[in-house]
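Remarks on the overall topology
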Amino acid sequence: MCGGRSYALPASPPRRCADRPSAPACASGIHQVTIAPLGSQALYAMHKHNFLRTGCDKRDNSSSAYDVSFLKTPVRARLRTCLAFVGLDSNSSSTAGDKMEIRLEWLKAFRAIMHTGTATGATAIVFRTQPQVSRMIAGLESSLGFQLFIREGRRLIPTADGLRFYAHIEPLLSNFDRLSGFAEDIKEKRGRPLVVAAEPFLLANLVPTAVERMHSSEGTQFAIDLCVREIGLWASRSNVDLAIVALPFTQTDLEQFSFAEVELVATIPEAHPLAKKEVVDITELAAQPFIALRQTTLLRSQIEMAAVRVGKPFRPLMETESGATACELVSRGIGVSVSDPILASAFSDRGVVARRLTVPLKVTYGFLVNPAAGLTQILQMAHHVVDTAIVVAGDLVTTQPSVFERIAGALGHQKASALGDDHPSAYGRPEGEPDTFDGDDDGLV
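Read on for an overview of the structure.

Calculation rules
Residues numbered from 1 in each chain as written. Predicted model: local features only at pLDDT ≥ 70, side-chain atom pairs only at ≥ 80, totals over all residues. Heavy atoms only, no water. Helix = DSSP H or I, 4+ residues; strand = E, 2+ residues; numbered from the N terminus. Buried < 20%, exposed > 50% of the residue type's maximum accessible area, 1.4 Å probe, protein only. Contact = heavy atoms within 4.5 Å. Areas by Shrake-Rupley, 256 points an atom, 1.4 Å probe, with all protein chains shown as cover. Salt bridge = Lys/Arg side-chain N within 4 Å of Asp/Glu carboxyl O. Pairing = 2+ DSSP bridges. Axes fitted to C-alpha atoms, helices over the stretch in contact; angles between N-to-C directions. Core = buried A, V, L, I, M, F, W, Y, C linked by side-chain atoms within 4.5 Å. Arc of directions from axis to C-beta. Phe/Tyr/Trp six-rings, centres within 6.5 Å; stacked < 30°, edge-to-face > 60°. Polar contact = N/O pair within 3.5 Å; in protein donor to acceptor, adjacent residues only side chain to side chain.

1. Section: the overall build of the chain
Each helix and strand counted, the chain has 15 helices and 16 strands in total. A burial count over the chain gives 44% of its 445 residues as buried. Considering only residue pairs separated by 6 or more positions, the chain has 71% of its internal contacts joining residues 24 or more positions apart. Of the roughly 22100 Å² of accessible surface on the chain, a fraction of 54% belongs to carbon and sulfur atoms.

So, in structure tokens, the structure goes:
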């Protein structure tokens, strides 16, 4: 024996191993299998290589004596290859106390299916065959203990558990994808890129303009991510440095800081009669073919409540998840909508005009900040975002200058606490000054 795990297997009729004709057969019909370097899951691989027959049960602990621990190196190599293909843990045992093993290749295959919807589509991403991808997913599901997909025709539909799992592993895989770039930056003595994320409607104008300004002035490198509310905890503290979102935003563990309040506007085709008005009554807007945002968006409930208060509910011509899509449809003359003013400004050269509403509707902008991020770059980017919002939205935006002090204080406090130093001077605040800001600082100015 080689010190490996042994499993008692019921056998149909006793066999001798071709590599060792003199190996003893067991009269009781039970073969003792010891696979030192491969682990219990190698039993399935041995079956695939005709060492064992169908019906083997590794849970049977009966005594016996059929030792195959003498398998030669080429045979063991074939078993390892088989294990890799079937997506089984080559180092685990069948005991209940084993640690769960999750392989990177399995996670990549899972993400590829989430992106493409099929195991066949995933093959072009992970460079594996369709049967290999299917076996990877089977191995992952077996290790996790829950189902990731259900099959509908040729498509694989993620389960609720699968969606929750994906929300947690996507940031990890995104970080892994960036490793080569980080290594290259270290090698070439370049600074680490600032990872910025934003909701889709802010990526149309606000974030790209702020990124351009900061890159031009400081030469900062960026990685830009998209955050979507529906997938839950979209960003862990190891994945994003700074995010720009509409508040409230509960699907994250990052520190939140409001920095502006923005007044929504009516978006109207330039040839529409309402475009001639400086201010549009919401009842007039409700009488037009209206392009609404979906019920899952923050703005939809505000718009509907405002319309109900004036007794003129909207009857949407069509709905969309994206504010940018709504503006695009307005630019094509299909209808009117209510939009974020910074987003609407990105369509001003495409025939979309923005007009104030008689009933003010507002949305709050906020930063989500990683406490471990570099304070200098965070503050620089925050300044560029706030300045861009003022330039683009004008008097439709009301900013909070205190946000920079709040971010600096919170990040400085976090870093001081991590070092175990609670003295106020450790994070740049004079001794005796309170840790919290006045309520007025947290409000809009």
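Structure shown, so let's carry the discussion forward.
2. Things to note about the pattern of salt bridges
Summed over all chains, the structure comprises 13 salt bridges. Residue Arg-300 is joined to Glu-304 by a salt bridge in which the shortest nitrogen-to-oxygen separation is 2.7 Å. Of this pair, Arg-300 and Glu-304 are both found in helix 10 (residues 298-309), four residues apart, which corresponds to roughly one turn of the helix. Given a relative accessible area of 6%, Arg-300 falls into the buried group. Where Glu-328 meets Arg-332, a salt bridge forms, and the shortest distance between an N and an O atom there is 2.8 Å. Connected via shared salt-bridge partners are Arg-294, Arg-300, Glu-304 and Glu-319.

3. Description of the pairing of strand 6 (residues 222-226)
Burial along strand 6 is one-sided: the residues Ala-223 and Asp-225 are buried and none of Phe-222, Ile-224 and Leu-226 is. Direction of pairing for strand 5 (residues 194-198) relative to strand 6: parallel, over a ladder of five bridges. Bridging from a neighbouring strand, Ala-198 pairs with Leu-226 of strand 6.

4. Notes on the sheet that holds strand 15 (residues 362-369)
The six strands are arranged 6-5-7-15-8-16 in an open sheet whose pairing can be described as mixed. One side of each edge strand has no neighbouring strand; the edge strands of this open sheet are strand 6 and strand 16 (397-399). With direction set aside, neighbouring strand axes in the sheet form an average angle of 25 degrees. One ladder, built from three bridges, connects strand 5 with strand 7 (residues 242-247); its direction is parallel. Looking at strand 7, one finds that Val-196 is bridged to Leu-242. Of the strands in this sheet, strand 5, strand 6, strand 7 and strand 15 are in contact with helix 8 (residues 206-218), which crosses strand 6 at around 170 degrees.

5. As for the nonpolar core
The biggest cluster of nonpolar side chains holds 69 residues, and the ones touching the most others in it are Ile-244, Phe-259, Leu-285, Tyr-365, Phe-367, Met-381 and Ile-407. With eight residues, helix 13 (residues 375-393) is the single largest residue contributor to this core. When neighbours within four sequence positions are excluded, Leu-285 is seen to be in contact with Ala-266, Leu-274, Val-280, Phe-290, Phe-314, Val-336, Ser-337, Val-338 and Leu-357. Counting 21 residues, the second-largest nonpolar core is a separate cluster that includes Ile-113, Ile-137, Leu-156 and Ile-169.

6. A short note on helix 10
Every buried residue of helix 10 is accounted for by Leu-299, Arg-300, Ile-303, Ala-306 and Ala-307. Projected down its long axis, helix 10 shows its buried positions confined to an angular sector of 140 degrees, all on one face. Every exposed residue of helix 10 that faces more than 90 degrees away from the buried side is listed here: Val-308 and Arg-309. Positioned one or two residues after helix 10, Gly-311 has a phi angle of 75 degrees, which is positive.

7. Topic: the packing of aromatic side chains
The description of an aromatic ring pair uses the distance of the two centres, along with the angle that the planes make with each other. Inspection of every chain in the model, using the stated rule, returns eight aromatic pairs. Arranged with centres 5.5 Å apart and planes meeting at 45 degrees, the rings of Phe-110 and Phe-165 form a pair that is tilted. Linking Phe-110 in helix 3 (residues 104-116) with Phe-165 in helix 6 (residues 160-177), this pair joins segments that are 55 residues apart in sequence. Of the two residues, Phe-110 and Phe-165, neither departs from the other in class, the shared state being buried.

8. A few points about the environment of Gln-251
Checked against the element boundaries, Gln-251 lands in the loop between strand 7 and strand 8 (255-263). For Gln-251, a relative accessible area of 22% corresponds to the partly exposed category.

9. Remarks on the environment of Ser-216
Along the polypeptide, Ser-216 turns up in helix 8. Only 2.8 Å separates the side chain of Ser-216 from the backbone oxygen of Glu-212, close enough to count as a polar contact.

10. Here's the deal with the sheet that holds strand 10 (residues 279-280)
In any sheet, the strands associate via hydrogen bonds between backbone groups, in a parallel or an antiparallel arrangement. One open sheet holds the four strands; their spatial order is 10-14-9-13, and the pairing between them is mixed. Of all the strands in the sheet, the pair left with one neighbour each is strand 10 and strand 13 (337-339). Docked against the sheet, helix 11 (residues 323-331) engages strand 9 (265-269), strand 13 and strand 14 (352-357), running at close to 35 degrees with respect to strand 9.

11. What to know about unusual backbone geometry
In this model, Leu-247 is joined to Pro-248 through a cis peptide bond whose omega is 5 degrees. Mapping Pro-248 onto the fold places it in the loop between strand 7 and strand 8. Its identity as a non-glycine residue notwithstanding, Phe-127 has a phi of 55 degrees, on the positive side. In this fold, Phe-127 is placed in the loop between helix 4 (119-126) and helix 5 (130-144). The exposed category is assigned to Phe-127, whose relative accessible area is 70%.

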